[in-house]
Amino acid sequence: MAALGLCTVLLPPYERPWWVAALAALLLVLVVVLFVVSRRRPERTWLDALPAFLLFPYAALVNDAAGAGSGGSSSGMTVLFLVPILWIAITGSPRELWIASGLAVATLVVPVLVIGAPDYALGDWRRAVMWGAIALVLAPVLQRIVRDLERQTRRARLASDRVERLFDDAPHGVALLDQVGTVIRVNVSMAVLVGLDPPDMVGHKLGAFETPGQDRIQDHLGRLMFLRGGESLEAECQLRDSGGNDVNVALSSTVVADPQMGKIVMVNVVDISDRRRYLDRLAHLADHDILTGLANRRRFESELDRHLDRCRRHGPTGALLLLDLDNFKQVNDTLGHNAGDQLLVTIAGLLRRSIRSTDVVARLGGDEFAILLTDCEQADAERVAGLVVDRIATHAATLDGVARRVTASVGAVTFRAASEHAADVLALADMTMYDAKDAGRNQAVVLFEGDERGPRTAARLQWQSRIEAALAENRFELHLQPIMDINSGRISSAEVLLRLRDEGELVPPSRFVYIAERVGLMPQVDAWVVDKSLELLARMRRDHDPAFEFEVNLSGHSIGNPVIEDAIVSSLEKHGVAPSALILEITETAAVADVALARTFAERMTELGCAFALDDFGAGFGSFYYLKHLIFDYVKIDGEFVARVHESAVDRTIMRSIVGIARDLGKRTVAEFVSEPEILQVCRDEGVDFAQGYLIGKPVPFDEFVRDFVPSAVAAAPHD
């Protein structure tokens, strides 16, 4: 603007001497030089305002050259005084603006005072006043406007920078897409997920980075376009990184309106690989045996039911093998549970390698395994059963001590043979397995198709009638295992354990309870146990210890059954036992069948006055879920965490956690499998309330229990 003003006054006619314009030109050159020098300095100094101040005498010279000296008001170059004023208003400080105002007035007044009339009339003071007013009033206003604009611009820039940093430095992936799914921009975290640099992803479809064979991203974006503005949509998919690895991610997308680009899609991408692995691990634990990694009973029964449905639709096919290890108890008793567990793990590996990937091998509990051959004939089942027996015997031959005596008894039943007998395939396999044991063990027995006789062990085949006969003839027996109050050392209660007296043999419940459950006899058995237990408890409290308590196990098939509830109510009344003396035990693995039914049953029995114990706590997948949703007074810690608690830091930590949670919930704890003094000491140190196991006492009949474990019985005994 200053140069333009100088050019206009250089055009003829000239009204002032040439040196006026020349001096103005020199001043302009000096202004330019000073301006360039000041711009190169990193910090602001007095030199920055000097070029603006020199423009005032420059404007006076140009104004004079343009004819201001001819009457004063005839020059149009007076407007150049605005240039330094605007310069200082935009770039200077308030102090420099005051100096500029003074220079503006002085520049206009000095010619009037120095040169005077007629060139500069005295009346030009009015012009000086107005320009001073402009400099003093309008320039500060303009300066504030400029500074406000600068602050707003700075804030906008900071906000923009902050958004950019939030986008670029976000801990999870963020991608901006157009409406067809093409990447417009991604942050570093998003690029890291797929192992690329951000520019390498721009211009490609986001779906191109998905694991081949999946179209979840495209489907996700397609559904997103049907949502209303502001709504988000979530999905999960897998991305394939540059190294060929799959990454599980969760997508959360929303459509954002952009004034320039229209609709764009913002996708938040979170790596959930660790969470997916954790959930997969939990799902695996729910369906697999912790020790061996094989399918557990829950998973096996599910697979068996699925296969039975298939057989009903398409005809019977495949076979079921049940396997029980011979002499395995001797390994635990002689070499310890660690050696027994290691042997089970090894045998599980042998079984897994003996079948196809489409077949199922499971550990049903203890040393019992099951193999489901989904598609085979009778000859194939016989061959696999023989192979399993041979491999286990061969492996045991390489071991030392009693482990060399471990063999396998296998019972095999095809589903076609089971359909011919119109019997439960699992019960038939169990009976056939005992045929192998009765035949000398270390062998496999197959229930052949077309054999109307069924399993050769007639007694096994007739378990249902034998259980019914035992109920009718009162051939069941109850044994009591003592439970000690750790704080007082007193035997304050006992667990009631069922036995069956059959042909002179005392049969443990593991041999017949499962069959009783399968054929629906367990509620009747439990009703008998409840009645006889309360009869013995009445004798115990009347003759020996008025505060003694009994723990009675209930099968999962009996929970909520009216027969059991009627038996409990009527037996308590008949024998005159206080309900608080009866502790009903429900195993955690039984409660999982129907949590709601178990809870309502527990509520009714609690209202009656009975107490409840959650048995085998920790053996199942949902232990703490049951603590939350079921009513229990005692928590019995599963023996798996007690048997080696004095040697295993992990088991001790688990015990400490269970005791702490139970105490916070107002429940008392019982440790099972207490077999050594060291285990009892750990239980005492960790705050367990009661101990049960062979160290405290083995299960014995009532009279023997009273003699050995009830001190008052000695005092009450007759003296010769």
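The rules behind the values
Residues numbered from 1 in each chain as written. Predicted model: local features only at pLDDT ≥ 70, side-chain atom pairs only at ≥ 80, totals over all residues. Heavy atoms only, no water. Helix = DSSP H or I, 4+ residues; strand = E, 2+ residues; numbered from the N terminus. Buried < 20%, exposed > 50% of the residue type's maximum accessible area, 1.4 Å probe, protein only. Contact = heavy atoms within 4.5 Å. Areas by Shrake-Rupley, 256 points an atom, 1.4 Å probe, with all protein chains shown as cover. Pairing = 2+ DSSP bridges. Axes fitted to C-alpha atoms, helices over the stretch in contact; angles between N-to-C directions. Expected span 1.5 Å × (residues − 1). Arc of directions from axis to C-beta. Phe/Tyr/Trp six-rings, centres within 6.5 Å; stacked < 30°, edge-to-face > 60°. Lys NZ or Arg CZ within 6 Å of the ring centre and 35° of its normal. Salt bridge = Lys/Arg side-chain N within 4 Å of Asp/Glu carboxyl O. pLDDT = per-residue confidence, 0-100. Patch = residues over 30% accessible without salt bridge, like charges linked within 9 Å, V, L, I, M, F, W, Y side chains within 5 Å. Parallel < 35°, antiparallel > 145°, perpendicular 65-115°, else oblique. Left-handed = near helix turned anticlockwise from the far one by under 90°. Nonpolar A, V, L, I, M, F, W, Y, C, P; charged D, E, K, R; others polar.

## Quick look at the overall build of the protein
Consideration 1: The helix and strand tally for the protein stands at 28 helices and 19 strands.
Consideration 2: Of all 720 residues assigned to the protein, the portion counted as buried reaches 47%.
Consideration 3: Put simply, of all contacts in the protein between residues at least 6 apart along the chain, 63% involve residues at least 24 apart.
Consideration 4: Of the roughly 35800 Å² of accessible surface on the protein, a fraction of 56% belongs to carbon and sulfur atoms.

## With respect to the sheet that holds strand β6 (residues 319–326)
Consideration 1: Taking strand neighbours across the sheet as the criterion, the five strands line up as β7-β8-β6-β9-β10 in an open arrangement whose pairing is mixed. Each end of this open sheet is capped by a strand with a single partner; those strands are β7 (360–365) and β10 (443–447). Going from strand to strand, the sheet's axes swing by 20° on average, the running direction of each strand aside.
Consideration 2: As paired strands, β7 and strand β8 (residues 368–373) are joined by five bridges and run antiparallel to one another. From the neighbouring strand, Val360 faces β8, where its bridge partner is Leu372.
Consideration 3: The strands touched by helix α16 (residues 425–438) are β6, β8, β9 (407–414) and β10; relative to β9, the strand with the most contacts, the crossing angle is about 140°.

## Considering helix α14 (residues 378–396)
Consideration 1: Under the 1.5 Å per step criterion, the end-to-end length of α14 is 27 Å for 19 residues, consistent within 8% with the ideal 27 Å.
Consideration 2: Listing the buried residues of α14 in full gives Gln378, Ala381, Val384, Ala385, Val388, Val389, Ile392 and Ala396. Across the axial projection of α14, the buried residues extend over an arc of 135°, all falling on one side. Turned more than 90 degrees off the buried face of α14, the exposed positions are Ala379, Arg383 and Thr394.
Consideration 3: Residues of α14 that are buried make contact with β6, α13 (337–353), β8, β9 and β10.

## Looking at the packing of aromatic side chains
Consideration 1: In total, this model carries eight aromatic pairs according to the counting rule given.
Consideration 2: Here the aromatic cluster, defined as three or more aromatic residues joined through ring pairs, consists of Phe548, Phe550, Phe705 and Phe709.
Consideration 3: Directly above the ring of Tyr694 sits Lys698, whose terminal nitrogen or CZ lies 5.1 Å from the centroid.

## Re unusual backbone geometry
Consideration 1: Although it is not a glycine, Asn474 adopts a positive phi angle of roughly 60°.
Consideration 2: Backbone geometry places Phe673, a non-glycine residue, at a positive phi of 65°.
Consideration 3: Tracing the sequence through the fold places Phe673 in the loop between β18 (668–671) and α26 (677–685).

## Notes on the sheet that holds strand β2 (residues 183–186)
Consideration 1: Across the sheet, five strands lie side by side as β2-β1-β5-β4-β3; this open sheet has antiparallel pairing. In this open sheet, the two edge strands, each paired with only one partner strand, are β2 and β3 (232–240). The sheet shows a mean angle of 30° between the axes of neighbouring strands, taken without regard to direction.
Consideration 2: Relative to strand β5 (residues 262–271), strand β4 (residues 246–258) runs antiparallel, the two sharing 10 bridges. Of the residues in β5, the one forming a bridge with Val249 is Asp271.
Consideration 3: Running at roughly 165° to β3, helix α9 (residues 216–224) makes contact with β1 (173–177), β3, β4 and β5 of the sheet.
Consideration 4: Packing against the sheet, helix α10 (residues 273–287) makes contact with β3, β4 and β5, and its axis sits at approximately 130° to β4.

## With respect to the pattern of salt bridges
Consideration 1: Considering all chains together, one arrives at 32 salt bridges under this definition.
Consideration 2: Here Lys636 makes a salt bridge to Glu551, at a shortest N to O gap of 3.0 Å. With a gap of 85 residues between them, Lys636 in strand β17 (residues 634–637) and Glu551 in strand β14 (residues 549–554) connect regions that are remote in the sequence. Across the pair, Glu551 and Lys636 agree in class, each one buried.
Consideration 3: We note a salt bridge from Arg644 to Glu640, for which the minimum N-O separation is 3.9 Å.
Consideration 4: The exposure class assigned to Glu640 is partly exposed, which follows from its relative accessible area of 42%.
Consideration 5: Three or more residues are tied together by salt bridges with common partners; here these are Glu495, Glu551, Glu585, Lys636 and Glu672.

## As for the confidence of the model for the protein
Consideration 1: Confidence in the prediction of the protein, expressed as mean pLDDT, is 82, and 87% of residues score 70 or more.
Consideration 2: Ignoring residues within four places in sequence, the model shows residues 713–720, a span with pLDDT below 50, making three contacts including any to other chains.

## Considerations on the pairing of β2
Consideration 1: Of the pairings in the sheet, the one linking β1 to β2 comprises three bridges and is antiparallel in character. Bridge pairing in β2 links Leu176 to Arg185.
Consideration 2: What sits between β1 and β2 in their antiparallel hairpin is a turn of five residues, with Gly181 showing a positive phi close to 95°.

## Some details on a nonpolar patch on the surface
Consideration 1: A cluster of nonpolar side chains, contributed by Trp18, Trp19, Leu23 and Leu26, occupies part of the molecular surface with about 530 Å² of accessible area.
Consideration 2: Of note, Leu23 is situated in helix α2 (residues 18–40).
Consideration 3: The exposure class of Leu23 is partly exposed, given its relative accessible area of 38%.

## Side note on the packing of helix α1 (residues 2–10) against α2
Consideration 1: The N-to-C vectors of α1 and α2 enclose an angle of 165°; their axes lie 11 Å apart at closest approach. In terms of axis orientation, α1 runs roughly antiparallel to α2. For α1 against α2, the interelement crossing comes out left-handed. Along its contact with α1, which presents Ala2, Ala3, Leu6 and Leu10, the element α2 presents Ala21, Ala24, Ala25 and Leu28.
Consideration 2: When the residues that make up the contact of α1 with α2 are grouped by side-chain class, the tally is eight nonpolar, no polar and no charged.

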